[in-house]
Amino acid sequence: MEPIRVLTKNVGKPGSASIDTYISGGGYESLKKALKSTPDELVQLVKDSEMRGRGGAGFPTGMKWSFLPKDSPKPRYLLCNADESEPGTFKDRVIIEHDPHLLIEGMIISAFAIRSCPMSYIYIRGEFHHGAMVLNRALDEARAKGFLGKNILGSGFDLDITVHRGAGAYICGEEMGLIESIEGHRGQPRVKPPFPAVVGVFGSPTIVNNVETLSCVPLIVEHGAEWFKSFGQPKNTGPKLYCVSGHVKKPGVYEFPMGVNLQELIYEHCGGITDDLPLKAVIPGGGSAPMLTPAEIDLPMNFDALMKAGTMFGSAGIIVMNSSTCIVDATWRMAKFFAHESCGQCTPCREGTNWMETILDRIERGGGRPQDADLLFDMTDNIGGKSLCALGDAACGPVASAVKKFRDEFIYHIEHKGCLPGTKRYRRLDMPVGAH
Amino acid sequence: MAKVTIDGIDVEVPDGINVVEAAKAADVHVPHFCYHPALSVVGQCRMCLVEIDGMPKLQAGCATSVRDGMKISVHNDKVDKARKGQMEFLLINHPLDCPICDKAGECPLQDYSFNYGAVASRYGDVKRTYPGMDRTPIGPHVMQNMNRCIHCTRCIRFCDEITGTGELAFIKRGASTEVGIFPGRPVDNWMSACVTDVCPTGALTAREFRFESRVWNLESTESVCNGCDVGCNIFVEHRSGKIYRYKPRVNPEVNDYWLCDYGRFSHERYETDRVVVPRMMRDDYQSIAGWSEAIDEIASRLRTTSGDKIAVIASSQLTNEDAWLLRQLFIDRLGSKNADVVVDDIAPIRMKSRNGWLEGKQAGPNFRGVRAAGIKPTGGRSAEELMTKGADGIDVLVVTEAAFSARATSAEVIANLRKARFLVVLAWENHPLADAADVVLPTTIFAEKSGTFTNVQGRLQKIVAGSLPKGEALPEWEILRRVGVALAPDEVSYAFSEVEELFDQMVSKTPALKSLDWSGIEQFGVTGAPQGS
């Protein structure tokens with residue numbers, strides 16, 4: 001499968017973030033086209049495109065939009081989730097920093113389609129300082145050209161977009177956590193139901209969409225649903241950005257149609273494994289996706305195929321590990337992340353993620369006990385599916401798969417109080433706890 | 001109504017209630033920590049996970065509304081394992097210091113750990129502690145031990161949603177999350193000690209009760225708080241005649257789950273020098289007397305005094321039965337024109353019932369009931385006149401409680417009341433007014449007698465004698481009955497020995513209360529009792 005340049009068509013052009021570059025490439029034509037049709041037609045168009053949300057869960061976008069209650073007197077909100085914090089994921093950043101107008105155009109069309117109130121928010125992670133500046137500059141340009149503000153292009157539709165910067169919490173990328181954070185509360189998810197489509201931000205019906213999802217909307221409007229479906233497989237349609245990192249020779253963001261073969265992506269497009277060592281493990285969908293072994297990677301990268309393989313497509317953040325990786329150390333690193341990012345409100349996540357991290361750290365430091373591997377595995381069953389939001393499940397993904405698929409290495413680690421020969425850890429153990 | 005099946009038991013429950021409440025109808029207990037019926041639902045503790053047919057994941061019972069036809073499993077292998085897992089998570093960082101914890105014995109965490117937890121822990125690492133936060137006074141009444149906290153946020157929600165004061169919040173995140181106050185903003189609201197009731201662990205305890213007693217050594221008696229006229233339902237918890245604490249008793253119509261700090265700690269007034277034997281003034285000196293001696297003296301004085309020279313100052317602490325007998329004896333029989341009841345005003349205390357706020361403005365629980373029983377001056381002198389202008393010309397003055405008002409300690413008021421030729425004071429504590437009396441009779445406090453109070457809503461509520469009377473103290477109705485017997489030995493209406501019989505007499509002569517009997521006063525009280533003002 002060959003790389004494509006659809007979502008990334010402007011990336012790399014000089015001044016790609018400016019509105020003039022964007023318009024000269026045919027930008028904002030989709031908006032003009034969309035404003036001439038009705039919101040219901042647009043929702044149907046997105047439904048027909050069979051686009052699934054790019055944030056990680058893969059929920060069909062058109063269906064999400066149609067869940068908004070028809071008879072609610074409250075205003076509707078569209079929120080853009082730009083809190084891209086999943087380990088190994090950096091696709092939204094490319095769009096935000098290099099083609100912000102694609103996102104803005106997508107947001108205006110989507111807001112029009114869901115009959116949004118005249119205020120919309122982009123919730124961007126606090127660390128994307130540059131991205132927030134680029135977005136604000138782009139929003140100013142769009143306002144000056146009349147694409148935002150009152151009576152956009154004479155359609156009678158009003159919209160303004162505010163960039164809201166987060167304060168550094170992974171959990172604010174969870175839609176309920178994001179909503180609480182925008183409201184000014186502590187960033188922690190609310191219990192569902194009610195779902196955001198019914199009671200979301202400020203108690204109003206709310207749609208939360210990922211940056212890449214919203215950026216696909218202008219393309220669907222411009223080229224039609226059939227064109228969009230020509231990329232990928234049935235039910236897994238459209239162009240997709242893949243973030244490849246770790247032990248590959250050419251890490252980066254790649255654009256392919258949905259369903260590119262993982263093995264082909266790693267070995268052909270990314271130039272293979274660093275130091276030409278054998279592959280050891282691949283995390284295919286961001287830090288929360290269960291690991292795959294080299295024998296399992298000959299599969300198409302889409303939602304359904306990865307689900308069948310027992311892992312998840314998630315945000316398509318592919319983390320490649322070669323044979324020099326100590327899997328206990330890598331698992332610890334993931335567990336550490338989730339323990340650090342747990343909001344602390346629900347029992348299994350608050351206590352469980354921290355416990356997993358403690359055990360993995362102990363094994364890595366040579367203090368493993370014979371029962372630890374079983375304990376870890378059983379613990380993931382007590383966390384997974386029991387927590388209030390998906391962070392608990394996310395934390396279990398890497399740990400459960402590592403213990404299951406690399407059990408021998410865990411046992412070796414516990415018995416020999418050290419890494420498997422030929423593997424190394426990527427941190428110093430003499431650092432004080434908490435200093436990494 | 002929705003028909004649901006809970007662990008194979010078919011029940012019909014109202015639509016829209018959650019699984020925890022619905023399971024109560026089937027007599028199945030769904031364990032929970034963070035869920036509280038009066039607070040918002042957050043679904044955080046994950047203890048109430050249940051399996052619902054047709055849903056792949058376990059659901060939080062508190063956050064799931066029942067639907068018609070729902071099949072719910074509270075106990076099966078999958079749910080039991082999940083629950084055991086949550087219990088393990090909650091305990092890995094809990095200090096398990098039950099032997100020195102005040103909550104032990106009434107601690108949901110302890111109970112659930114016995115019922116749903118594992119015998120041994122698989123946790124082999126160092127427990128998380130919060131250094132320096134194991135005995136933090138976070139308010140005038142509340143002590144916090146953060147190490148014991150299980151982060152259920154009930155206390156935070158109580159301060160946010162019930163009192164609206166919002167002193168408590170989550171600080172930090174993940175495993176370091178702590179519940180805390182803002183610097184310089186202690187938990188100092190008028191119901192602050194309620195956070196110790198809602199806390200399902202020993203993380204928050206009442207400073208006044210710390211290390212006072214193990215809770216299983218306390219006897220608990222259903223009663224009504226006598227702090228103000230709201231009449232919050234309480235348990236009086238006592239041992240060997242000493243009251244250790246009040247705990248709120250659920251009454252959705254009055255105090256729901258709550259109790260104000262003023263009422264909760266009002267039992268401290270009883271930790272004082274009690275009057276335990278009758279005393280009579282002889283040669284300017286009060287000496288110990290026998291009951292019959294004292295009663296005979298009072299009766300002989302009353303027998304020779306005309307009604308317009310007999311005065312009574314009743315306290316708002318009298319029960320309806322006391323007040324009814326008082327009226328029958330002094331107004332109906334002896335013809336006193338100077339009987340009155342006194343109550344102090346207090347700054348309004350708000351209490352949240354499930355239907356809205358109530359406000360207590362009187363310092364006694366039963367001013368309305370005593371008035372309704374007919375204790376009011378009929379052409380004679382009011383208590384206010386006696387207190388401010390002097391009881392000159394009164395031959396017998398009976399005060400039913402020395403501490404009937406805060407003003408009763410003032411030398412001026414005492415001097416004015418002392419102007420009566422013969423002063424009888426009923427008292428439970430040694431009080432300057434009692435010291436000035438010709439006869440002092442020891443009375444029980446409200447926790448030592450039975451009866452009924454009428455609250456601000458006109459709700460008749462029962463108090464039940466719990467602890468034994470101190471010394472020779474008698475309830476007011478018994479003292480009045482003995483005086484009645486001494487005055488009219490043949491009168492049948494004085495021939496009773498239990499307060500229930502007196503209650504029946506009162507009901508039979510009070511049209512508004514007819515058809516009520518003692519055991520028919522329901523748990524939440526009976527509305528529509530007559531109220532005086």
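What counts as what
Residues numbered from 1 in each chain as written. Chains lettered and ligands numbered in written order. Predicted model: local features only at pLDDT ≥ 70, side-chain atom pairs only at ≥ 80, totals over all residues. Heavy atoms only, no water. Helix = DSSP H or I, 4+ residues; strand = E, 2+ residues; numbered from the N terminus. Buried < 20%, exposed > 50% of the residue type's maximum accessible area, 1.4 Å probe, protein only. Contact = heavy atoms within 4.5 Å. Areas by Shrake-Rupley, 256 points an atom, 1.4 Å probe, with all protein chains shown as cover. Lys, Arg positive; Asp, Glu negative; His and termini not counted. Charge placed at Lys NZ, Arg CZ, Asp CG, Glu CD. Buried area = accessible area lost by both parts, 1.4 Å probe. Salt bridge = Lys/Arg side-chain N within 4 Å of Asp/Glu carboxyl O. Polar contact = N/O pair within 3.5 Å; in protein donor to acceptor, adjacent residues only side chain to side chain. Pairing = 2+ DSSP bridges. pLDDT = per-residue confidence, 0-100. Domains from an automatic or database assignment. Expected span 1.5 Å × (residues − 1). Core = buried A, V, L, I, M, F, W, Y, C linked by side-chain atoms within 4.5 Å. Right-handed = clockwise from strand over helix to strand, strands pointing away. Axes fitted to C-alpha atoms, helices over the stretch in contact; angles between N-to-C directions.

Caption draft 1: Structural view of the overall build of chain B. A tally of regular secondary structure across chain B gives 14 helices and 25 strands. Relative to its 533 residues, chain B shows a buried fraction of 60%. Sequence-distant contacts, at least 24 apart, represent 66% of the contacts inside chain B between residues at least 6 apart. Total accessible area on chain B stands at roughly 20900 Å², and carbon and sulfur atoms take up 51% of it. Charge-centre separation for chain B: the mean point of 61 positive side chains lies 4 Å from the mean point of 70 negative side chains.

Caption draft 2: How the structure looks around the interface of chain A and chain B. Residue-level contacts link 36 residues of chain A with 33 residues of chain B. Summing both partners gives a buried area of about 2800 Å² for chain A against chain B, and 48% of it is carried by carbon and sulfur. On the chain A side of the contact with chain B, Glu351(A), Trp355(A) and Lys386(A) bury the most area, a combined 23% of that side's loss. There are seven salt bridges connecting chain A and chain B. One salt bridge in this structure joins Arg362(A) and Asp125(B), with 2.5 Å as the shortest N-O distance. Taken together, the connections running from chain A to chain B amount to 22 residue pairs in polar contact (both at pLDDT 80 or more).

Caption draft 3: Inspection of the side chain of His32(B) at higher detail. Residues and elements named next belong to chain B. Mapped onto the secondary structure, His-32 falls in the loop between helix 1 (19-25) and strand 3 (49-52). In terms of polar contacts, His-32 uses its side chain to reach the backbone carbonyl oxygen of Val-30, at 2.9 Å. Among all residues touching His-32, those that are not within four sequence positions of it are Val-20, Cys-45, Met-47, Cys-48, Tyr-112 and Arg-154.

Caption draft 4: Region of interest: the pairing of strand 13 (residues 242-248) of chain B. Residue and element names in this part refer to chain B. Extensive coverage of strand 13 is indicated by the burial of six of its seven residues. Relative to strand 13, strand 12 (residues 233-239) runs antiparallel, the two sharing six bridges. Counted as the bridge partner of His-238 is Ile-243 from strand 13. Following strand 12, the chain reverses through two residues before pairing antiparallel with strand 13; Ser-240 in that reversal takes a positive phi of roughly 50°.

Caption draft 5: Expanded view of the confidence of the model for chain B. Per-residue confidence for chain B averages 95 on the pLDDT scale, and 100% of its residues sit at or above 70. Overall fold confidence for the complex sits at a pTM of 0.94, while the interface term, ipTM, reaches 0.93.

Caption draft 6: The arrangement of the side chain of Asn338(B) in detail. Residue and element names in this part refer to chain B. Relative to the elements of secondary structure, Asn-338 occurs in strand 17 (residues 338-342). A distance of 2.7 Å separates a polar side-chain atom of Asn-338 from the backbone nitrogen of Arg-381. Once you skip the residues sitting within four places of it in the chain, Asn-338 turns out to touch Gly-307, Asp-308, Lys-309, Ile-310, Ala-311, Val-312, Gly-380, Arg-381 and Ile-394.

Caption draft 7: Structural context of the domain arrangement of chain A. All names here are of chain A. Per the domain assignment, the segments of chain A are domain 1 (19-230), domain 2 (236-322) and domain 3 (327-416). Placing a centre on the C-alpha atoms of domain 1 and another on those of domain 2 gives a separation of 27 Å. Contact residues are listed per partner, giving 22 residues for domain 1 and 22 residues for domain 2. Both faces combined, the contact of domain 1 with domain 2 buries some 1600 Å², and carbon together with sulfur accounts for 60% of it. For the domain 1 face of the interface with domain 2, the top three residues by lost area are Arg-52, Arg-54 and Phe-90, together amounting to 31%.

Caption draft 8: Layout of helix 14 (residues 347-364) of chain A. Residues and elements named next belong to chain A. An ideal rise of 1.5 Å per residue puts 26 Å on 18 residues; helix 14 measures up with 26 Å between its terminal C-alpha atoms. Summarising burial for helix 14: 16 of the 18 residues are buried, a large majority. The positive-phi residue at the C-terminal boundary of helix 14 is Gly-366, with phi of around 90°.

Caption draft 9: Molecular detail of the nonpolar core. Residue and element names in this part refer to chain A. The biggest cluster of nonpolar side chains holds 58 residues, and the ones touching the most others in it are Leu-79, Met-291, Trp-355, Leu-360, Leu-376, Met-379 and Phe-410. Here this core takes eight residues from helix 13 (residues 327-341), the largest share from any one element. Those residues in contact with Leu-360 that sit more than four places away from it in its chain are Val-328, Thr-331, Trp-332, Ala-335, Leu-376, Val-399 and Phe-410. Leu-148, Cys-216, Val-217 and Ile-220 belong to the second largest nonpolar core, which has 56 residues in total.

Caption draft 10: Examining the pairing of strand 2 (residues 119-124) of chain A more closely. Residues and elements named next belong to chain A. Within strand 2, five of the six residues are buried, leaving the element largely enclosed by the surrounding structure. Bridge analysis of strand 1 (residues 77-82) against strand 2 gives four bridges, and the strand direction is parallel. By the bridge assignment for strand 2, Cys-80 is matched with Ile-122. For the crossover from strand 2 across helix 7 (residues 129-144) to strand 3 (residues 160-165), the handedness is right-handed.

Caption draft 11: Inspection of the sheet that holds strand 12 of chain B at higher detail. Residue and element names in this part refer to chain B. Ordered in space as 11-12-13, the three strands form an open sheet in which the pairing is antiparallel. Every other strand in the sheet has two partners, leaving strand 11 (219-224) and strand 13 as the edge strands with one partner each. Each strand of the sheet is rotated relative to its neighbour by a mean of 30°, with strand direction disregarded. Judged from the six bridges that link them, strand 11 and strand 12 form a sheet pairing that is antiparallel. Across the sheet, the residue bridging to Ser-223 is Ile-234, located in strand 12.

Caption draft 12: Region of the structure containing the pattern of salt bridges. Here the structure, examined in full by the defined rule, presents 63 salt bridges over all chains. When the shortest N-O distance is used, the salt bridge between Glu180(A) and Arg190(A) registers 2.6 Å. Taken as a pair, Glu180(A) in helix 8 (residues 175-182) and Arg190(A) in the loop between helix 8 and strand 4 (206-210) lie far apart in primary sequence, ten residues in all. Judged by relative accessible area, Glu180(A) falls into the buried class, the value being 13%. By relative accessible area, Arg190(A) is classed as partly exposed at 21%. Across the salt bridge formed by Asp393(A) and Lys57(B), the nearest N and O atoms sit 3.6 Å from each other.

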